[in-house]
Amino acid sequence: MTTKQYQVVKITFVVFLAVIFSQLMYGKNYLLPIGVMIAGSLALMLIRRRVSGVIADERDYATGGKAALLAIQIYGWLAACSMFIFYGLKDTNPAYEPIGMTLAFSTCLLMLIYSAIFRYYNRIKLMDGKLIYTVLVLVFFLVMAVFSIRLFSGEDNWVCQNGQWVKHGQPNFPAPQTECK
Amino acid sequence: MANRIKEFRNKLNLTQDDLAKLAGVRRETIVFLEQDKYNPSLKLAHDVAKALGSSIPEIFNLE
């Protein structure tokens, strides 16, 4: 397969996946899209292996690196500014606060991932492979533990009691719109 | 950084696509190199020079 054929197949594949993905989401199926995404990525990887020519070279990676850095900086500034605006307007509409917090945390996460990858290429790549693997596994479990504690602790949430949504702790989002049974 | 890629390529009757395949890069990269709009890595400079049957100092003028 030539690189041009690969580009055509890739675009067709992505459009096809997007249609399936959106239809599944529209049908309120939220698990299957993850499977579709994983299957799609694997299929694209397999197709990529069949390409005889060069898909990307050092200039593409250099350009990609510059573009990624600029995109992160632009997103960081936009998200930070929007976060302050949304957070400032939280008294007018309580729904603005979670939007602002989501923007703030997503920016922090993006910066953390960028820093980790930068550090990997800058220093850790010189380290022993087993040590990197151990550190990555530890960091993964640490993040999962913090996330699980926060998610399943049941604090700061809305609880259904006697047919009414009652505050439990200090939830920073409005009560669910769904019926409380 | 001026270079003589086009001159050497024409001598060998190679197209940009041929040279790209020999050097293991995309054709667009050869275009950028010939127009002095991209500074190649040492490995790419070596691969291009080798593909043109020459050496880095002959192809690339670092001054």
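Each remark here, short or long, concerns the structure printed above.
What comes next concerns the included structure. (Residues numbered from 1 in each chain as written. Chains lettered and ligands numbered in written order. Predicted model: local features only at pLDDT ≥ 70, side-chain atom pairs only at ≥ 80, totals over all residues.)

So, on to the overall build of chain B. From N to C terminus, chain B includes five helices and two strands. Secondary structure elements of chain B, listed N to C terminal, follow the sequence β-α-α-α-α-α-β. Counting across all 63 residues of chain B, residues that qualify as buried make up 27%. In chain B, once contacts between residues fewer than 6 apart in sequence are set aside, the share between residues at least 24 apart is 52%. (Helix = DSSP H or I, 4+ residues; strand = E, 2+ residues; numbered from the N terminus. Buried ≥ 20, exposed ≤ 12 C-beta atoms within 10 Å, placed from the backbone. Contact = placed C-beta atoms within 7 Å.)

Let us look at the interface of chain B and chain A. Taken together, the contact pairs eight residues of chain B with four residues of chain A. Split into classes, the residues belonging to the side of chain B that touches chain A amount to four nonpolar, three polar and one charged. (Nonpolar A, V, L, I, M, F, W, Y, C, P; charged D, E, K, R; others polar.)

All right, on to the packing of helix α1 (residues 3-26) of chain A against helix α2 (residues 32-49) of chain A then. Residue and element names in this part refer to chain A. Contact pair α1 / α2: the axes reach a minimum separation of 10 Å and the direction vectors enclose 175°. Here α2 runs roughly antiparallel to α1, going by the angle between their axes. Residue-level contacts link Tyr 6, Val 9, Lys 10, Phe 13, Leu 17, Ile 20, Phe 21, Leu 24 and Met 25 of α1 to Leu 32, Pro 33, Val 36, Gly 40, Leu 44, Ile 47 and Arg 48 of α2. Its residues assigned to classes, the contact of α1 with α2 comprises 13 nonpolar, one polar and two charged. (Axes fitted to C-alpha atoms, helices over the stretch in contact; angles between N-to-C directions. Parallel < 35°, antiparallel > 145°, perpendicular 65-115°, else oblique.)

Attention shifts here to helix α3 (residues 27-34) of chain B. All buried positions along α3(B) are accounted for by Thr29(B), Ile30(B) and Leu33(B). Projection of α3(B) onto a plane perpendicular to its axis shows the buried side chains occupying an angular sector of 100°, all on one side. In this fold, the buried residues of α3(B) make contact with α3 (58-88) of chain A together with β1 (2-3), α1 (5-11), α2 (16-23) and α4 (42-51) of chain B. Immediately beyond the C-terminal end of α3(B), within one or two residues, lies Asp36(B), with a positive phi of roughly 55°. (Arc of directions from axis to C-beta.)

Take α2(B) next. All names here are of chain B. All of the buried residues in α2 are Leu 19, Ala 20 and Ala 23. End-on, the buried residues of α2 take up no more than an arc of 105°, which puts them together on one face. Those residues of α2 hidden inside the fold are in contact with α1, α3 and α4.

Before going further, it helps to spend a moment on the packing of α3(A) against helix α4 (residues 96-122) of chain A. Residues and elements named next belong to chain A. In the contact formed by α3 and α4, the axes pass within 8 Å of each other and the chain directions differ by 155°. The angle between α3 and α4 falls in the class roughly antiparallel. With respect to the hand of their crossing, α3 and α4 are arranged in left-handed fashion. Where α3 abuts α4, its residues Ile 72, Tyr 75, Gly 76, Ala 79, Ala 80, Ser 82, Met 83, Phe 86 and Tyr 87 lie against Tyr 96, Glu 97, Ile 99, Gly 100, Leu 103, Ala 104, Ser 106, Thr 107, Leu 110, Met 111 and Tyr 114. By residue class, the composition of the contact of α3 with α4 is 14 nonpolar, five polar and one charged. (Left-handed = near helix turned anticlockwise from the far one by under 90°.)

Looking now at the nonpolar core. Residue and element names in this part refer to chain B. Counting 13 residues, the largest nonpolar core has Ala 23 and Val 48 as its most contacted members. Put simply, the parts of the chain that give this core at least two residues each are α2, α3 and α4. When residues of this core are assigned to their parent elements, the largest contribution, four residues, is made by α4. If we ignore the near neighbours within four places in the chain, the residues touching Val 48 are Ile 5, Ala 23, Leu 33, Pro 40 and Ile 59. (Core = buried A, V, L, I, M, F, W, Y, C linked by C-beta atoms within 7 Å.)

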